[in-house]
Amino acid sequence: MCICKLAHLDQKSSTGEKQAEVEETLKRIQAHKGVIGTVVINAEGIPIRTTLDNSTSVQYAGLLHQLTMKARSIVRDIDPQNDLTFLRIRSKKHEIMVAPDKDYLLIVIQNPCE
Amino acid sequence: MPAKAGDRHRQGQSGPSGGKAVPPRPPKAVSRKRDEDVSMEAGDGVDEWAAAKTLVKPPDQLELTEAELKEEITRILTANNPHAPQNIVRYSFKKRAYKPINYVDQMAVHFSLNGNMIPKDSDEGRRQSIRLSTAAEKAPVETSAVTSEEAEIKDEASTGNTQAAGEEEAGGSGTAETTERAEAEEPPPSGVKEQKLANQFNFTERASRTLNNPMQWEIYDAYVEELQKMERSKEKEKSKAQVPKREEEKKKGRRLTSLESQSDDITKISKAAKIMERMVNQNTFDDIAQDFKYFEDASDEYRDQEGTLLPLWKFQYDKTKRLAVTAISWNPKYKDLFAVGYGSYDFLKQGQGMLLLYTLKNPSFPEYVFSSESGIMCLDFNNDHPYLVAVGFYDGNVAIYNLKKATSQPSYKSSANSGKHTEPVWQVKWQKDDMDNNLNFFSVSSDGRIVSWTLVKNELVHTDVIKLSGEGTTMQGPEGLQLQMLGSGTSFDFHKKIDNLFLVGTEEGKIYKCSKCYSSQFLDVFEAHHMAVDSVSWNPYHLKVFISCSSDWTVKIWDHTIKTPMFVYDLNSAVGDVVWSPYSSTVFAAVTTDGKAHVFDLSINKYEALCTQLVVAKKKNKITHIQFNPVYPVIIVGDERGHVTSLKLSPNLRRMPKEKKGQEVKKGPEVEIAKLDKLLNLVRDPETKAGK
């Protein structure tokens with residue numbers, strides 16, 4: 001019994017560790033040179049973690065969600081065994097990068113320094 | 001009848017033009033008479049000619065005067081419609097008055113019949129002709145389209161084919177056919193010939209649809225899920241022996257996942273976050289990434305034979321700022337991943353150690369971080385299990401880190417009981433698995449022992465392989481005892497082909513050639529250097545050649561059958577490390593404590609370096625180690641401040657020998673061996689040559 005409980009604790013701590021790791025990675029990304037903002041969107045399209053103001057986050061969330069779905073359906077239609085891993089939109093002012101992961105979306109807006 | 005009606009109309013029209021109102025009757029009589037005349041003429045032609053013309057007058061004929069009879073009345077035939085009104089007047093609400101309409105429609109339709117002929121060249125005509133011609137071929141075309149679709153989706157292609165074929169042949173149920181046809185409607189694979197598919201289902205553009213019916217990939221996903229479920233059920237059947245523990249684990253796993261799915265868990269984007277970090281870094285260091293991939297120094301053509309090193313990324317971590325890089329090694333599996341060991345060479349300032357794994361894809365943060373109490377002095381990746389790293393510490397311990405596990409502690413570690421070294425471990429090297437398939441590695445230390453460590457049942461078991469005692473090392477101790485002084489090993493290297501053969505460099509400057517089989521005796525001793533041998537390394541191609549470097553400022557190349565070195569290079573400063581390049585048997589690089597990296601190519605210049613470049617700030621920093629990347633033309637250099645700098649080799653430094661025209665460029669280890677042999681032959685004494 002005790003062993004099982006310890007095993008349970010271990011698993012929990014590993015998820016806690018994993019969480020801390022991901023948080024740290026996000027912090028590093030945000031602190032990186034040229035990064036304007038980061039938004040994490042959950043499966044329902046709601047920003048769960050963002051460094052931009054609410055209205056902008058919601059706007060990015062809605063628009064990029066649709067685009068990512070379209071891009072994913074393009075990739076998968078051409079070959080169903082393939083899947084979208086990353087999407088980059090380079091505009092005059094900055095670059096929007098979208099990393100989909102299952103139903104979640106991680107959006108980063110960066111200004112690549114010339 | 002119609003003829004008579006026409007007459008009447010004519011009569012009516014000619015009224016206004018003629019100016020005379022002729023009563024309708026006499027013309028009728030005249031026409032009747034004419035008819036009778038005609039019939040009579042036809043019937044009694046002969047009689048008429050014979051008999052005199054007698055005018056037969058009907059009783060109601062109009063009496064006309066001669067003048068009137070001779071009058072000519074003009075008749076005009078027009079295309080006007082007699083039924084159409086001559087003038088039409090309509091009430092205009094706008095003008096509140098009647099308005100005459102000038103144009104009156106004159107068309108009278110006598111007869112209309114809708115035909116069913118279409119021109120051959122029209123769209124519909126073409127479609128029909130195609131349909132007629134492909135009616136016979138339609139059945140086989142559809143099966144091929146369907147079967148290739150099925151093959152994409154299902155793993156068991158053969159069963160899929162037979163299923164589809166069977167359905168087609170049987171004539172299938174309507175739904176099965178429609179689904180198959182719907183699949184065929186999607187961009188068909190190459191099985192379908194180049195023909196226009198008739199649109200039987202009113203195919204509309206996907207972009208203009210609001211709701212998209214099952215996509216091809218949704219169907220694929222459903223199949224994959226089914227397959228996985230089947231596999232899982234099979235596994236469950238197999239592993240019934242380990243039921244209790246596994247079940248509990250699974251339950252816990254399930255409980256945890258259910259908790260996670262309820263809340264917005266950030267761990268779900270861990271993979272995405274990792275990729276994103278690399279992309280952000282790529283954007284920031286875009287020019288370096290481009291240089292790494294594409295830049296080839298064009299000025300090398302004009303530089304005679306010299307080359308340069310182009311600095312690329314610099315890797316540093318704030319926790320290792322005080323530590324020196326003591327070991328670097330590339331991962332055998334992932335060519336962009338490398339491990340860096342941190343510690344301190346200073347005897348007095350010993351602190352903690354760190355093991356970091358960096359990837360070229362993310363220059364700003366290491367992938368793995370491990371910390372230890374004692375400084376790390378050496379490390380080595382296992383070739384068969386690239387997630388295992390063997391590490392040697394300053395306090396004499398060795399450990400194995402498992403990268404697959406999440407902990408930051410080593411999986412296995414030696415201890416004072418289990419035979420750790422009493423002096424710093426200077427080098428560790430993995431060996432092939434022993435006969436029981438246990439992992440094993442060797443370590444060399446200043447305490448003069450070379451120890452083989454084997455991982456048996458999750459424990460490190462040590463075996464002393466050799467003790468570096470030699471002639472002239474026995475001393476007279478107190479009370480007449482003979483003390484055996486052991487040499488201090490500082491580096492070693494195993495031969496690539498001959499398993500048992502290995503070389504050990506010592507602090508006294510000697511290099512011993514040893515074999516694993518003979519534990520008490522050396523095969524040979526080379527009086528190599530005047531100071532400690534920092535690194536010794538076999539040539540990756542040539543079986544007899546090895547290189548050694550030392551703090552006595554020299555780098556020497558040897559043939560292990562000959563006691564004297566083949567080539568000696570003096571580099572004006574203590575040499576920290578020397579490595580052969582993986583792509584050529586004649587290229588090697590050395591680093592010195594004055595911050596310079598030297599790259600030599602024996603086939604081009606036997607006496608001088610092709611490139612001597614300052615890599616780190618001269619006075620404050622010393623370079624400690626160097627490594628070539630196995631695939632890319634990149635070297636990494638570690639220094640005393642905890643920085644690792646990556647540099648790209650310019651084309652001159654990686655030149656392959658030019659072949660004469662007409663000959664193929666030979667590649668492969670034999671060529672490399674031959675190249676080096678040629679050079680060695682020039683250097684060898686004719687006596688030894690004859691002696692062989």
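Criteria and thresholds
Residues numbered from 1 in each chain as written. Chains lettered and ligands numbered in written order. Predicted model: local features only at pLDDT ≥ 70, side-chain atom pairs only at ≥ 80, totals over all residues. Heavy atoms only, no water. Helix = DSSP H or I, 4+ residues; strand = E, 2+ residues; numbered from the N terminus. Buried < 20%, exposed > 50% of the residue type's maximum accessible area, 1.4 Å probe, protein only. Contact = heavy atoms within 4.5 Å. Areas by Shrake-Rupley, 256 points an atom, 1.4 Å probe, with all protein chains shown as cover. Salt bridge = Lys/Arg side-chain N within 4 Å of Asp/Glu carboxyl O. Pairing = 2+ DSSP bridges. Axes fitted to C-alpha atoms, helices over the stretch in contact; angles between N-to-C directions. Patch = residues over 30% accessible without salt bridge, like charges linked within 9 Å, V, L, I, M, F, W, Y side chains within 5 Å. Arc of directions from axis to C-beta.

**Comments concerning the overall build of chain B**
Thought 1: Each helix and strand counted, chain B has 14 helices and 32 strands in total.
Thought 2: Relative to its 692 residues, chain B shows a buried fraction of 40%.
Thought 3: Here the contacts in chain B between residues at least 6 apart in sequence split such that 47% fall between residues at least 24 apart.
Thought 4: Split by element, the accessible area of chain B, about 42,200 Å² in all, is 53% carbon and sulfur.

**Digging into the pattern of salt bridges**
Thought 1: With the rule as written, the count across this model stands at 19 salt bridges over all chains.
Thought 2: When the shortest N-O distance is used, the salt bridge between A:Arg28 and B:Glu277 registers 2.8 Å. One end of the pair, A:Arg28, is in helix H1 (residues 2-31); the other, B:Glu277, is in helix H11 (residues 270-284), on a second chain.
Thought 3: One network of salt bridges, in which partners are shared, links A:Glu24, A:Arg28 and B:Glu277.

**With respect to the sheet that holds strand S12 (residues 425-431) of chain B**
All names here are of chain B.
Thought 1: With antiparallel pairing, four strands are arranged side by side in an open sheet as S12-S13-S14-S15. Looking at the sheet topology across the chains shown, the edges are occupied by S12 and strand S15 (459-467). Here the average twist between neighbouring strands, direction ignored, is 25 degrees.
Thought 2: Across eight bridges, the pairing between strand S14 (residues 449-456) and S15 is antiparallel. What sits directly across from Val 456, in S15, is Glu 459.

**Remarks on a nonpolar patch on the surface**
Thought 1: On the surface, a nonpolar cluster with roughly 500 Å² of combined accessible area is contributed by B:Val89, B:Tyr91, B:Phe93 and B:Tyr98.
Thought 2: With respect to the helices, strands and loops of the structure, B:Tyr98 is situated in strand S2 (residues 97-101).

**A few points about the sheet that holds strand S5 (residues 104-110) of chain A**
Thought 1: Spatially, the five strands line up as an open sheet ordered S2-S1-S5-S4-S3 (chain A), and their pairing is antiparallel. For this open sheet the edge positions go to strand S2 (47-50) and strand S3 (87-90) of chain A, each flanked by a neighbour on one side alone. Between one strand and the next, the sheet's axes are offset by a mean angle of 15 degrees, whatever the strand orientation.
Thought 2: Pairing geometry for strand S1 (residues 35-41) of chain A and S2(A), over three bridges, is antiparallel. Bridge pairing in S2(A) links A:Val39 to A:Thr50.
Thought 3: Each of S1, S3, strand S4 (95-101) and S5 of chain A touches H11(B); the most contacted strand, S4(A), lies at about 155 degrees to it.

**Quick notes on helix H12 (residues 286-294) of chain B**
Residues and elements named next belong to chain B.
Thought 1: Buried within H12 are the following residues: Ile 288, Ala 289 and Phe 292. The arc that holds the buried residues of H12, viewed along the axis, is 100 degrees, so those residues lie on one side.
Thought 2: On its buried face, H12 sits against strand S3 (309-315), strand S31 (634-639) and strand S32 (644-649).

**Regarding unusual backbone geometry**
Residue and element names in this part refer to chain B.
Thought 1: Although it is not a glycine, Arg 96 adopts a positive phi angle of roughly 55 degrees.
Thought 2: Relative to the helices and strands, Arg 96 resides in the loop between strand S1 (88-92) and S2.
Thought 3: The phi dihedral of Asn 437 is positive, around 60 degrees, even though this residue is not glycine.
Thought 4: Within the secondary structure, Asn 437 is located in the loop between S12 and strand S13 (440-445).
Thought 5: Owing to a relative accessible area of 62%, Asn 437 belongs among the exposed residues under this scheme.

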